[in-house]
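# Observations on the three-dimensional arrangement
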Amino acid sequence: MSPTSLFSEGNIGATQVKNRVFMAPLTRNRAQADGTPKAMATEYYKQRATAGLIITEATQISPLGKGYLDTPGLYNETHAEAWKAITSAVHQQNGKIFIQLWHVGRISHLSLLPKGEQPIAPSAIRANSQTFTEKGFEDTSDPRAIKSEEIPSLIEQYRSATRLAKSAGFDGVEVHGANGYLLNQFIASNCNKRTDAYGGTIENRSRLLLEVIDAVSNEIGAEKVGVRLSPIGQFNDIDVSDSSEIYPYIYKELENRKLAYLHVVEAFPGADVPEAHKTLIENLRSSFKGNYIANGGYDKDRGQDIVNSGLAFAVAYGRPYISNPDLPARFDKGIALTEPDQSTFYGGNETGYTDYPAAT
Ligand code: 8OZ
């Protein structure tokens, strides 16, 4: 048998993919104010349907889950209808698409939330971080601690978004447990000072993530659920000093659940990874027996190596997909990549969004 390459087809949970060059979730801030994706998003995702799997931009599961200007939602029928056009276009091109379910927790601003609402968080501790509002970058607002008795309805929001994801035609859902948002805030000891069953011990701080995954799996099937984590990510004011204690437990619990995949942010654009963090990522990765998607600064050769070695099922590429809609073909044929224009990453119109041509 020939070794698995970036261009091998395969099955990840219930989903058959045509290659291992996955598209990572990319926040682009081009939805309508009410969270409905615009028509140009259909064209954008359709152009990228040669990816083995598209993981959509982070999508809020409720009004309180929003933390940035013009991000999309999936919590009503209008949202689901607009997403349906996107999944249909991708499926017509023989592509596969999961939606990333997102709750920002404390990474939000009063101006983005319904009147009179405050951001929710494990504890009432403001993030030393900024978010993007109508006025540009602003400090995040003071959050309030979510009450124990509110947690079941929060979990229900994830389940309900998953039901809408099914009706919108998605192949699966990815639970966003990374990058300092709500589920990551529960994991992190500097954000979570709770004294109920959701704070304190490793098991307690992992509980919300796992209960969300179980609720979502119940709705759509574990083989259609992925999860994204960032064990060494300090973005959005996250303390990772006890990651080597908590993440082995989380990886094992995820492995037992036989999910479609675990997707890990192993590095962040522009940040050096200290040796101890590299070792932690590698140790966690080699211990994990399920499907693993590696992400963070991979180029074609490093992607080929990790898939070839069997340490990852696939690699999720982010920025390269912004400016190279036909990334798998460019890798395959050795065509030079186009550099993306950073000034059009977040917000705006078709420019820097749907106007990067395919080279093939
Ligand atoms: C960039 C800008 C805003 C949000 C993440 C959802 O880091 C994001 C995000 C990225 O996961």
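In this text, all values refer to a predicted model and were calculated from it rather than measured experimentally. (Residues numbered from 1 in each chain as written. Predicted model: local features only at pLDDT ≥ 70, side-chain atom pairs only at ≥ 80, totals over all residues. Heavy atoms only, no water.)

This next bit is on the packing of helix α5 (residues 202–220) against helix α6 (residues 243–256). Packing of α5 against α6 brings their axes to within 10 Å, and their N-to-C directions diverge by 30°. The way α5 lies across α6 gives a crossing that is right-handed. Of the residues in α6, those in contact with Ile-202, Glu-203, Arg-205, Ser-206, Leu-209, Leu-210 and Ile-213 of α5 are Glu-245, Ile-246, Tyr-249, Ile-250, Glu-253 and Leu-254. Along the lines of polarity and charge, the residues of the contact of α5 with α6 split into eight nonpolar, one polar and four charged. (Axes fitted to C-alpha atoms, helices over the stretch in contact; angles between N-to-C directions. Helix = DSSP H or I, 4+ residues; strand = E, 2+ residues; numbered from the N terminus. Left-handed = near helix turned anticlockwise from the far one by under 90°. Contact = heavy atoms within 4.5 Å. Nonpolar A, V, L, I, M, F, W, Y, C, P; charged D, E, K, R; others polar.)

Its place among the elements puts Ile-151 in helix α3 (residues 151–167). Overall, Ile-151 belongs to the buried group, its relative accessible area being 0%. Separated by 47 residues in the primary sequence, Ile-151 and Tyr-198 place their C-alpha atoms 9.4 Å from one another. Contact partners of Ile-151, with chain neighbours within four places excluded, come to Ile-146, Phe-186, Arg-194, Tyr-198 and Leu-208. (Buried < 20%, exposed > 50% of the residue type's maximum accessible area, 1.4 Å probe, protein only.)

The element strand β12 (residues 261–265) is extensively covered by neighbouring structure, given that five of its five residues are classed as buried. Neither face of β12 is exposed, since Tyr-261, His-263 and Val-265 on one face and Leu-262 and Val-264 on the opposite face are all buried. Note: strand β11 (residues 225–229) against β12, four bridges, orientation parallel. Bridge pairing in β12 links Val-227 to Leu-262. Viewed along the sheet, the connection from β11 through α6 into β12 turns out right-handed. Taking the sense of rotation as the criterion, the β-α-β connection linking β12, helix α7 (residues 275–287) and strand β13 (residues 292–295) turns out right-handed. (Pairing = 2+ DSSP bridges. Right-handed = clockwise from strand over helix to strand, strands pointing away.)

What follows deals with the pattern of salt bridges. Per the counting criterion, the structure on display carries 13 salt bridges. In this structure, Arg-257 engages Glu-253 in a salt bridge whose closest nitrogen and oxygen atoms are separated by 2.8 Å. Its relative accessible area of 22% is what places Arg-257 among the partly exposed residues. (Salt bridge = Lys/Arg side-chain N within 4 Å of Asp/Glu carboxyl O.)

Moving on, we get to the site of the ligand. Within the structure, the ligand sits among Thr-27, Ala-58, Tyr-68, Trp-102, His-176, Asn-179, Tyr-181, Phe-235 and Tyr-346. One nitrogen or oxygen atom from the side chain of His-176 is found 2.8 Å from an oxygen atom belonging to the ligand. One nitrogen or oxygen atom from the side chain of Asn-179 is found 2.8 Å from an oxygen atom belonging to the ligand. Looking at side-chain class alone, the shell around the ligand contains six nonpolar, three polar and no charged residues. (Near = heavy atom within 4 Å. Polar contact = N/O pair within 3.5 Å; in protein donor to acceptor, adjacent residues only side chain to side chain.)

Here we come to the packing of α3 against α5. α5 packs onto α3 with a crossing angle of 35° between their chain directions and a minimal axis gap of 9 Å. You can see that α3 and α5 cross each other, and the crossing is right-handed. Of the residues in α5, those touching α3 at Ile-151, Leu-154, Ile-155, Tyr-158, Arg-159, Thr-162, Arg-163 and Lys-166 are Leu-208, Glu-211, Val-212, Ala-215, Val-216, Glu-219 and Ile-220.

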